[in-house]
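# Coordinate inspection notes
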Amino acid sequence: MAAVVGWLTNWLAIQMSFYPVQFIGVGLIGWQGVIPRKAEKMAHICIDRTLRQFGDLNAVYQKLEPQRIVEQVISQVTPRMDEYIDEVMYEIQPVLWDNLPLFVKKRIYQWAREQLPSRVEELVEDFGDDLDELVDLKALLSRELEKHPDMMNRIFQQAGAVELQSVINRGAVIGGILGAVLVPLWTRYPEPWLLPLGGFVVGFVTNWIAINLIFAPLKPRRILFWKVQGLFLRRQPEISDVWARLVAEELITVEKVADAMINGSHGDRTRAIIQKHLRPLLDNSVIMKLTAQVTVGMTGYTELKKAMNQKAVLATRDVFSDPAFNRERAPVVAEVLSGQMKALKPDEFQDILRPAFREEEVQLMIVGGIFGALAGLLQFVSLNYLNF
């Protein structure tokens, strides 16, 4: 019976770590899974640890191969360049654009396509230099985890599936050992309170041992014939690979980072950088500048540049929302994160998870103890009052 209690209390502790995803209860009375509730904190710790090892977001950006980003922008924008110019001109001067000779339009299209590569290269280089200041990575993680509170659950369930099942199974072994100690006590002192109290101890202790088995000891230790180390720490390389892959595919994608640059707290600065690199499209060509000023006037010329800037922002969002490009770049981000997680010392790797669990350990152990006490009470009633 104690083995069953040990197994069930550990299973319950694992379930309470993940579920419910949203808080269920009234006021302060209720429960939300430890991981969904602490997901933001754990994600921030993970990013702090990995970026501290690597340097900053700008260094990660270099691993993404900026030239590949340039190629992506050019390959996506060039086929639609005529369309973008038409949209801008119809917004500013629809009558003028409709009546403009076709050969003039074609010259403008050609000139824009010729200017695009150099403009994009300089823009991408500028973004790379300032990316750490343009993207608030913690705000990005907070927003994504708020929209998808189950995301961290999926990451942990996949990354730590082996460890979680091992914790549950070891609960049965630990419970069985504690139960073996309880049997002679019950035989000698068959008091009504002994089995419920013993059940509480079994449930409480098995949960305490199970939680500590995940994180301790930090370094491998030999006990008799066994080499012992925290389950989570023993598989640091494998867990790092799975964790990094899922974070790169689900949280820190090229699309989401680009969206954070444009719509985040530093979006105005991002737009200013885009505008700085678009302005020479008109200003650096005397013929194009004079033509534009003569045809649309000085006020219209200013409006034209504003419209071009807005269109560029929308085009940037479209370029980086390409699913194929995001899938292609995800392994690069994952490799960076995984490499830095593997390089963490055991205590640093432990700190990604342990601080969040430490705040809830006592509650999980008390719940396990209550469940064990109920099982002990049921066993007492069945032994003394139920005849089969």
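Residues numbered from 1 in each chain as written. Predicted model: local features only at pLDDT ≥ 70, side-chain atom pairs only at ≥ 80, totals over all residues. Heavy atoms only, no water.

This paragraph deals with the packing of helix H11 (residues 194-215) against helix H20 (residues 361-384). Angle between the axes and distance between the axes: these two values describe a pair of packed helices. One way to put it is that H11 packs onto H20 with a least axis distance of 6 Å and a crossing angle of 145°. At the point where H11 passes H20, the crossing takes the right-handed sense. For the contact of H11 with H20, the per-class residue count stands at 14 nonpolar, 8 polar and 1 charged. (Axes fitted to C-alpha atoms, helices over the stretch in contact; angles between N-to-C directions. Helix = DSSP H or I, 4+ residues; strand = E, 2+ residues; numbered from the N terminus. Left-handed = near helix turned anticlockwise from the far one by under 90°. Nonpolar A, V, L, I, M, F, W, Y, C, P; charged D, E, K, R; others polar.)

Attention now moves to the pattern of salt bridges. Applying the stated criterion across every chain, the model contains 6 salt bridges. With a closest N to O distance of 2.6 Å, Asp82 and Arg113 form a salt bridge. Residue Asp82 is found in helix H5 (residues 81-92), and its partner Arg113 is found in helix H7 (residues 102-134); the two are separated by 31 residues along the sequence. The salt bridge partner of Asp241 is Lys342, with a shortest N-O separation of 2.9 Å. Taken together, the positions of Asp241 in helix H13 (residues 236-250) and Lys342 in helix H17 (residues 323-343) put the pair 101 residues apart, joining distant regions of the chain. Note on Asp241: relative accessible area 38%, which makes it partly exposed. Judged by relative accessible area, which is 39%, Lys342 ranks as partly exposed. Put simply, Arg68, Glu328 and Arg329 are held in one network by salt bridges that share partners. (Salt bridge = Lys/Arg side-chain N within 4 Å of Asp/Glu carboxyl O. Buried < 20%, exposed > 50% of the residue type's maximum accessible area, 1.4 Å probe, protein only.)

Another aspect to go through is the confidence of the model for the chain. Taken as a whole, the chain shows an average pLDDT of 75; of its residues, 85% reach a score of 70 or greater. By mean pLDDT, helix H16 (residues 286-320) is the weakest element of the chain at 64, and strand S1 (residues 24-26) is the strongest at 83. (pLDDT = per-residue confidence, 0-100.)

Once that is clear, we can look at helix H4 (residues 66-77). Here H4 is 12 residues long and its end C-alpha atoms lie 16 Å apart, about the 16 Å a rise of 1.5 Å per residue gives. Here H4 has its buried residues at Pro66, Arg68, Ile69, Val70, Gln72, Val73 and Val77. (Expected span 1.5 Å × (residues − 1).)

Nonpolar side chains collect at one region of the surface, where Val362, Ile366, Ile370, Leu374, Leu377, Val381 and Tyr385 lie side by side and expose about 650 Å² of accessible area between them. Relative to the assigned elements, Ile370 resides in helix H20. Given the relative accessible area of 44%, Ile370 is considered partly exposed. (Patch = residues over 30% accessible without salt bridge, like charges linked within 9 Å, V, L, I, M, F, W, Y side chains within 5 Å. Areas by Shrake-Rupley, 256 points an atom, 1.4 Å probe, with all protein chains shown as cover.)

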